[in-house]
Amino acid sequence: MKFAASRLNSVKPSASAWVSQAAKDAKARGEDVIDLGLGEPDFDTPDHIKAAAHQAALTGETKYPPTGGTTRMKAAVVAKLQRENALDYGPDQVIVSNGAKQVIFNAMMATLEPGDEVILGAPYFGQYKDIVLILGGTPVSVTCPAGDGFRLTPEKLTNAITSGTRWIFLNFPSNPAGAVYSDDDLRALGDVLRDHDQILILSDEIYEHILFDGRRFLSFAAACPDLKDRILTVNGVSKAYAMTGWRIGYGAGHRALIAAMTKVQSQISSGACSIAQAAAAAALEGPQDEVRRFCAAFEGRRDLVVARVADIPGLTLDPPGGAFYALIGCAGLIGAKTPDGAILRTDADVTSYLLTATGIAAVPGSAYDLSPFFRISTAASEAVLTNAMDRIAAAVAQLNLSESELT
Ligand SMILES: Cc1ncc(COP(=O)(O)O)c(C=O)c1O
């Protein structure tokens, strides 16, 4: 009996979820595992946000909410975009969904025709590709190497655009590389896109608040205001407020696009959980000091990992500009021989060696369409990260790097 439709053939389950499951399985077997696979803050949701959810439940906010978001949450998003991003949107230009992921899914479901091309700068958040594939679009992966700071350049964007291009996805600070764009970088991309008015731009700004070295965040729609009608700004509370489990994300864009996305959502999930929306509104409206505290902690951990990687032969890491990941280059390990005599041929070989040899769960760069790298999450305490880096250093020291059998 065949259950899965053919549209699922090319779709893979999320690599970081797969790695975390492998880590859980190893833990269940009694192995000592440090799971650096999953992308979620290790902090707890701040108390005032939890209190808002409690209050909402007690005061009867327990009915179906409006499909596109509660009045309060939409107003909180409108005020946030105005206050923090200098972007003016009305409530009818905003949708609230079950996480940023659903915002992206809704947008693709609402707009993609079969075969429409979507430009993704690799390395990219793996789900982008799978969402596009599941909806019959064609992902177009553009390699953005470490030498370019993992950024999409105007030249590469120009070369990737065809008459079939429907969307381009931008994400900064990025998952998995922590890539950041200067204001001029954003404007230069805008200059290319200005000439192609069939292209919509999805700007995933979910790591906006996790930005290091004193950088200031500029929204793509604020960098290129004349393109605003073609931009869908995607954001959410998962990362900034340690609210991954509450599942609230939001999008802002042209009212016709938002209306189409809301129509999609009405047939899938209806409005996002009313209580979680009350919590998310409190997050956006309330004090922001916890967000700053989280960011400072992530920056300290970034520094720790960068310093440790610099001392490990075969690994490379330029300091990520934001987010809570380190995409570590492992070209120097490819071809190395493990103590068991196996040869590490790919970054997936490297991550499975790290898991079996030292209990470190990391995600191979192939999951983000750029190899050879592996991603570790830095959303773990400094003690855990120090232990993890000790283990990685010890595992690499056990490799025979000189006896490469690859030609
Ligand atoms: C770049 C990026 N966008 C979107 C998401 C999804 O976030 P949410 O929890 O709001 O669905 C993630 C989560 O890992 C992400 O890394």
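My aim in this report is to walk through the structure given alongside it, one point at a time. (Residues numbered from 1 in each chain as written. Predicted model: local features only at pLDDT ≥ 70, side-chain atom pairs only at ≥ 80, totals over all residues. Heavy atoms only, no water.)

Section: the overall build of the protein
A count of helical and extended segments in the protein gives 13 helices and twelve strands. By the compact-globule yardstick of 22 Å for 407 residues, the protein fits well, its C-alpha radius of gyration being 21 Å. Counting only C-alpha atoms and orienting by the principal axes, one finds that the protein spans roughly 60 × 55 × 50 Å. When the 407 residues of the protein are sorted by exposure, 54% land in the buried category. (Helix = DSSP H or I, 4+ residues; strand = E, 2+ residues; numbered from the N terminus. Rg over C-alpha atoms; globule rule 2.2 N^0.38 Å. Buried < 20%, exposed > 50% of the residue type's maximum accessible area, 1.4 Å probe, protein only.)

Focus on the sheet that holds strand β9 (residues 325–329)
Strand order in the open sheet made by the three strands is β9-β12-β11, with antiparallel pairing throughout. Looking along the sheet, the strands with just one partner apiece sit at the ends: β9 and β11 (363–364). Pairing geometry for β11 and strand β12 (residues 373–377), over two bridges, is antiparallel. Of the residues in β12, the one forming a bridge with Val 363 is Arg 375. (Pairing = 2+ DSSP bridges.)

Concerning unusual backbone geometry
Cis geometry is found at the peptide bond from Ala 122 to Pro 123, where omega equals 10°. With respect to the element layout, Pro 123 can be found in the loop between β3 (117–122) and α5 (126–134). In this model, Phe 150 sits at a positive phi of 60°, which is unusual for a non-glycine residue. Mapping Phe 150 onto the fold places it in the loop between β4 (138–143) and α6 (154–160). The exposure class assigned to Phe 150 is buried, which follows from its relative accessible area of 14%. Positive phi, normally seen in glycine, also occurs at Asp 369, with a value near 70°. On the secondary structure map, Asp 369 appears in the loop between β11 and β12.

Overview of the packing of aromatic side chains
Under the counting rule described, the total for this entry stands at eleven aromatic pairs. Between Phe 125 and Tyr 128 the ring centres are 5.3 Å apart and the planes differ by 90°, which places this aromatic pair in the edge-to-face class. In this structure Phe 125 comes out as partly exposed when scored by relative accessible area, which is 21%. When its relative accessible area of 2% is taken as the criterion, Tyr 128 is described as buried. Where Phe 150 meets Phe 373, the ring centres are 5.6 Å apart and the plane angle is 70°; that geometry is what we call edge-to-face. Taken together, the positions of Phe 150 in the loop between β4 and α6 and Phe 373 in strand β12 put the pair 223 residues apart, joining distant regions of the chain. As far as burial versus exposure is concerned, Phe 150 and Phe 373 are alike and both buried. One aromatic cluster is present, built from ring pairs that chain together Phe 43, Tyr 207, Phe 294, Phe 298, Phe 324 and Tyr 325. (Phe/Tyr/Trp six-rings, centres within 6.5 Å; stacked < 30°, edge-to-face > 60°.)

Some details on helix α1 (residues 15–28)
Compared with an ideal rise of 1.5 Å per residue, which puts 14 residues at 20 Å, α1 spans 20 Å between its outermost C-alpha atoms and is within 8% of the ideal. Against β1 (34–35), β10 (360–361), β11 and β12 lie the buried residues of α1. Positioned one or two residues after α1, Gly 30 has a phi angle of 90°, which is positive. (Expected span 1.5 Å × (residues − 1). Contact = heavy atoms within 4.5 Å.)

Description of helix α7 (residues 183–194)
The end-to-end C-alpha distance of α7, which contains twelve residues, comes to 16 Å, matching closely the 16 Å that a straight helix rising 1.5 Å per residue would cover. When we look at burial in α7, the residues that qualify are Leu 186, Leu 189, Gly 190, Val 192 and Leu 193. The buried residues of α7 occupy an angular sector of 160° when the element is viewed end-on, so they sit on one face. For α7, the elements touching its buried residues are α6, β5 (165–171), β6 (200–204) and α8 (220–223). (Arc of directions from axis to C-beta.)

Looking at the sheet that holds β3
Here seven strands make up an open sheet; going across it, the order is β2-β8-β7-β6-β5-β3-β4 and the pairing mixed. Looking at the sheet topology across the chains shown, the edges are occupied by β2 (94–97) and β4. Across this sheet, the average inter-strand angle for adjacent strands is 20°, counted without regard to direction. By the bridge criterion, six bridges tie β3 to β4 in an arrangement that is parallel. The residue of β4 that forms the bridge with Ala 122 is Thr 143. Contacting β2, β5, β7 (231–236) and β8 (249–252), helix α9 (residues 255–268) crosses the sheet at an angle of about 25° to β2. (Axes fitted to C-alpha atoms, helices over the stretch in contact; angles between N-to-C directions.)

What to know about the site of the ligand
Near the ligand you find 13 residues, and of these Ala 100, Asp 204, Tyr 207, Ser 238 and Lys 239 are the closest. Contact between the ligand and Asp 204: a nitrogen atom at 2.6 Å from a side-chain N or O atom of the residue. One of the side-chain N or O atoms of Lys 239 is found 2.6 Å from an oxygen atom in the ligand. Against a free-state accessible area of 390 Å², the protein chains account for coverage of 93% of the ligand. (Near = heavy atom within 4 Å. Polar contact = N/O pair within 3.5 Å; in protein donor to acceptor, adjacent residues only side chain to side chain. Areas by Shrake-Rupley, 256 points an atom, 1.4 Å probe, with all protein chains shown as cover.)

Remember, this is a structural readout, not a statement about activity or role.
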